[in-house]
Amino acid sequence: MVGIRIVAWVFMSVVSAAGSEPFGIVTKVLHEGDAAPGVSGAVVNWVGPSQIDGAGNILVWGDYFDGSSGAEAYWYGRPGDLQLAAYSGMPAFDLPGVIITDIRTIWLGETGVICISARLSGAGVTGLNNQAVFVGHFGDIRLWVRAGDPAPGMADGVLFSTGPFTGIGGRATDGEGLVLFSDLAGPGVDETNDRAVWLWDSGEFALVWRQGMEAPGTGGARFAWADFWNTNGFGEMAFRGLLVHENGVDFSNQSGIWYFHDGTMELVTRGGDAVWGFSEDVFFLGGGVPQFSNRGDIGMSLAFDGVGVESGTGLAAWVLTDSDIYELIRLGGDAPGMGDGTSIATFSTTRLSERGGVRFSARLEGDVTQENDGLLYRGCYDDLRVLAREGDPVAGFSGEFVFSNLLGTSVLGSSNDFGDDAWIAEIMRRDGTDRRLTVCIRSRRTDIVYPMIYSEMEIDGRIVEYGAIEKLIGLAWWKSGGSDGQWQSFNDNAQLSVRFLFSDGSHGLYLAELPPFNDFDTNGLIDIADFLAFQECTTEKIEVLLRISYWRIFLAMPV
């Protein structure tokens, strides 16, 4: 009766899924008022945004109170198995008699590497060495670098410093690598060259940037500043730089984007350069913030002006690969997939994936209405498709609700390295009433958007309260997986660690993920297509083989 039991199970699942509320498994990680893990007699006083690694372990930021005192703390682990990883007042790793008085930043990489930048006090600590960076996996975190140590790649006597720029601080990358930022002190160091950035991999430092160094591709101009450091898991980095006003540098060409790889740096583009795909009389205005991926692709939105550029249209988004340059979207340009009569009014920051995918939101003008002029794009650089559009029905709500606000979703959203997407969207009933905010996830294995959580939803006896968009700030670290070198709350297994505000004023941290089976193609049946939607099929051929194998096994079963 094996075959019959399988058929019956599928039928029961279809019945329970029909007309269901949003998809998703939501698991509590930590809530304010819970017993503080690893701290006897203490309770969690506050829960903030979290980070997550590729194995689903979560790094929770919060603080606890034991009735007389409290401390800022970080817990690490899976839901139901959190352990205290670091806290203010703890003994410093590898430094006997030294205390961590303040955790300045903490980063969790995709591979589980934890990087802690902290201020110190105690035995032998002075104003010259009271900052340090500790690195390792949970249970084996060690001292990495400390203020007062010699700075790699510098002249003898130049040291890591606790100066006014960043002091000394570290960041985990998508792999096992690290980024180090530090002020400098020592012989020959002054306010024109006292800041530097390194990449660390396989036990070695590579100096990426130092204030005052010559900027490649500029004919001798020097760096005055740099920011928006984005790294991947392969020892590469993209960043924005600002130049000293000398050697022909002025406000028109003072900023640009640079790319560090294979131990060298090269200029990507700079203010005053000719715009890709335009005549030589059209030029970049500078600025721009790079996006980055593990493939080494660089995405950016850049302003431009020149002959033939109409007012209000001088902004576009590009992606640069090792072999080509793609213009994704341009103000005033045709809206991809929309046909004639529709153009782009505004668009958001792009998110890149490891496999050559991109996501961003846009507002349309022309042959549209206020009910359908916002949409979310995703796809390959040369094949953009509409992922969701305002006015479209929302899966899981039986056609009753439609998307109503998508423009800000690339800001309050993330794409992981494999192209899964998570973001916040407003939905409403078709008659314009009952507006709600949702947390949506789209799996790489299907283009359907699944609302995971929505306002007014009950979780653990509390009502999720979103209310206004400003309450969403700090909900999660909305970044591009791990390959932009930023904090991430959305890992490569499409698991999202998200912080909620409840109607009782409390906060809780939860893990949201798609279930292994559901009606993912929304055809009213839970069938083989839904089973295959969650298989690791990298080619059409593999998918076909899986379908054939499934039916062979099913038909061979005894009934």
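Note: the structure precedes this text.
Everything in this summary refers to the structure shown in the same document. (Residues numbered from 1 in each chain as written. Predicted model: local features only at pLDDT ≥ 70, side-chain atom pairs only at ≥ 80, totals over all residues. Heavy atoms only, no water.)

## Some remarks on the overall build of the protein chain
Stage number 1. Counting secondary structure elements, the protein chain contains three helices and 37 strands.
Stage number 2. Each of the 559 residues in the protein chain was classed as buried or not, and the buried ones make up 53%.
Stage number 3. Expressed as a percentage of contacts within the protein chain between residues at least 6 apart in sequence, the contacts between residues at least 24 apart total 46%. (Helix = DSSP H or I, 4+ residues; strand = E, 2+ residues; numbered from the N terminus. Buried < 20%, exposed > 50% of the residue type's maximum accessible area, 1.4 Å probe, protein only. Contact = heavy atoms within 4.5 Å.)

## Observations concerning the pairing of strand 17 (residues 255-261)
Stage number 1. Within strand 17, seven of the seven residues are buried, leaving the element largely enclosed by the surrounding structure.
Stage number 2. Here strand 17 shows a buried face lined by Ser-255, Ile-257, Tyr-259 and His-261 and a second buried face lined by Gly-256, Trp-258 and Phe-260.
Stage number 3. For strand 16 (residues 237-243) and strand 17, the ladder comprises six bridges, and the chain directions are antiparallel. Counterpart to Phe-239 in the pairing with strand 17 is Trp-258. (Pairing = 2+ DSSP bridges.)

## Details of the packing of aromatic side chains
Stage number 1. Summed over all chains, the structure comprises 29 aromatic pairs.
Stage number 2. Taking the centre distance of 6.1 Å and the plane angle of 80° together, the rings of Phe-500 and Phe-502 count as edge-to-face. With respect to class, Phe-500 is no different from Phe-502; both count as buried.
Stage number 3. An aromatic cluster of three or more residues is present, and its members are Phe-181, Trp-209, Phe-223, Trp-229, Phe-239 and Trp-258. (Phe/Tyr/Trp six-rings, centres within 6.5 Å; stacked < 30°, edge-to-face > 60°.)

## Re the sheet that holds strand 6 (residues 98-108)
Stage number 1. Spatial strand order, 6-7-8-9: four strands in an open sheet with antiparallel pairing. What marks the edges here is a single partner per strand, and that holds for strand 6 and strand 9 (140-146). Taken pair by pair, the neighbouring strands of this sheet meet at an average axis angle of 30°, ignoring direction.
Stage number 2. Of the pairings in the sheet, the one linking strand 6 to strand 7 (residues 114-122) comprises nine bridges and is antiparallel in character. (Axes fitted to C-alpha atoms, helices over the stretch in contact; angles between N-to-C directions.)

## A look at the environment of Ser-323
Stage number 1. Topologically, Ser-323 is positioned in the loop between strand 22 (315-320) and strand 23 (325-330).
Stage number 2. By relative accessible area, which is 64% here, Ser-323 ends up exposed.
Stage number 3. Between the alpha carbons of Ser-323 and Asp-297 there is a distance of 9.9 Å; along the sequence they are 26 residues apart.

## Here we look at the pattern of salt bridges
Stage number 1. Across all of its chains, the model carries 19 salt bridges by this definition.
Stage number 2. Ionic pairing is found between Arg-195 and Asp-194, a salt bridge with its closest N-O pair at 3.4 Å. Like Arg-195, the residue Asp-194 is buried in the burial classification.
Stage number 3. Linking Asp-421 and Arg-442 is a salt bridge whose minimum nitrogen-to-oxygen distance equals 3.2 Å. Residue Asp-421 is located in strand 31 (residues 421-429), and its partner Arg-442 is located in strand 32 (residues 436-442); the two are separated by 21 residues in the primary sequence.
Stage number 4. When its relative accessible area of 2% is taken as the criterion, Asp-421 is described as buried.
Stage number 5. Residues joined in a network through salt bridges with shared partners are Arg-359, Arg-378, Asp-421 and Arg-442. (Salt bridge = Lys/Arg side-chain N within 4 Å of Asp/Glu carboxyl O.)

## Concerning the side chain of Asn-294
Stage number 1. Within the secondary structure, Asn-294 is located in the loop between strand 20 (291-292) and strand 21 (298-306).
Stage number 2. Looking at Asn-294, its side chain comes within polar contact range of the side chain of Glu-354, at 3.1 Å.
Stage number 3. With near-sequence residues (within four places) excluded, Asn-294 lies in contact with Asp-174, Asn-232, Gly-233, Phe-234, Glu-354, Asp-417 and Ser-483. (Polar contact = N/O pair within 3.5 Å; in protein donor to acceptor, adjacent residues only side chain to side chain.)

## Remarks on the sheet that holds strand 18 (residues 264-270)
Stage number 1. Strand order in this open sheet of four strands is 15-16-17-18, and the pairing throughout is antiparallel. The sheet is open, and its two edges are formed by strand 15 (223-231) and strand 18, each paired on a single side. Neighbour-to-neighbour, the strand axes of this sheet turn through a mean angle of 30°, independent of strand direction.
Stage number 2. When strand 17 meets strand 18, the two strands line up antiparallel, connected through six bridges. Paired with Ile-257 across the bridge in strand 18 is Thr-269.

## Here's the deal with the side chain of Ser-497
Stage number 1. With respect to the element layout, Ser-497 can be found in strand 36 (residues 496-501).
Stage number 2. For Ser-497, a relative accessible area of 0% corresponds to the buried category.
Stage number 3. Polar contacts involving the side chain of Ser-497 include one to the side chain of Ser-50, which spans 2.8 Å.
Stage number 4. If near-sequence neighbours (up to four positions away) are discounted, Ser-497 is found in contact with Ser-50, Gln-51, Ile-52, Ile-58, Ala-476, Ser-489, Tyr-510 and Leu-511.

## Some thoughts on the nonpolar core
Stage number 1. Grouped together as the largest cluster of nonpolar side chains are 39 residues, with contacts concentrated most on Phe-403, Trp-423, Ile-453, Ile-459, Trp-478 and Leu-496.
Stage number 2. Elements with a minimum of two residues in this core: strand 28 (383-389), strand 29 (401-405), strand 31, strand 32, strand 33 (449-454), strand 36 and strand 37 (507-513).
Stage number 3. Each residue touching Leu-496, except ones within four places of it in the same chain, is listed here: Ala-422, Val-439, Ile-441, Trp-478, Ser-489, Phe-490, Tyr-510, Leu-511 and Ala-512.
Stage number 4. One finds Tyr-74, Ala-86, Ile-114 and Ile-141 within the second-largest nonpolar core, a separate group that totals 21 residues. (Core = buried A, V, L, I, M, F, W, Y, C linked by side-chain atoms within 4.5 Å.)

## Thoughts on the pairing of strand 12 (residues 178-185)
Where a strand is regular, its side chains alternate between the two sheet faces.
Stage number 1. With respect to burial, strand 12 is a largely interior element, seven of its eight residues being buried.
Stage number 2. Relative to strand 12, strand 10 (residues 159-161) runs antiparallel, the two being bridged by three bridges. The partner of Phe-160 across the bridge, within strand 12, is Leu-184.
Stage number 3. Direction of pairing for strand 11 (residues 168-172) relative to strand 12: antiparallel, over a ladder of five bridges.

## Remarks on unusual backbone geometry
Stage number 1. At Asp-262, a residue that is not glycine, the phi angle is positive and equals roughly 50°.
Stage number 2. Tracing the backbone shows Asp-262 in the loop between strand 17 and strand 18.
Stage number 3. Here the phi dihedral of Asp-434 falls at roughly 55°; this positive angle occurs in a residue that is not glycine.
Stage number 4. You can see Asp-434 is positioned in the loop between strand 31 and strand 32.
Stage number 5. The exposure class of Asp-434 is partly exposed, given its relative accessible area of 23%.

## Some thoughts on the environment of Val-125
Stage number 1. Mapped onto the fold, Val-125 is located in the loop between strand 7 and strand 8 (131-137).
Stage number 2. Taking the C-alpha atoms as reference, Val-125 lies 9.6 Å from Gly-97; in sequence the two are 28 residues apart.
Stage number 3. Sequence-distant contacts of Val-125, defined by excluding residues within four places in its chain, comprise Val-98, Leu-120, Asn-130 and Arg-146.

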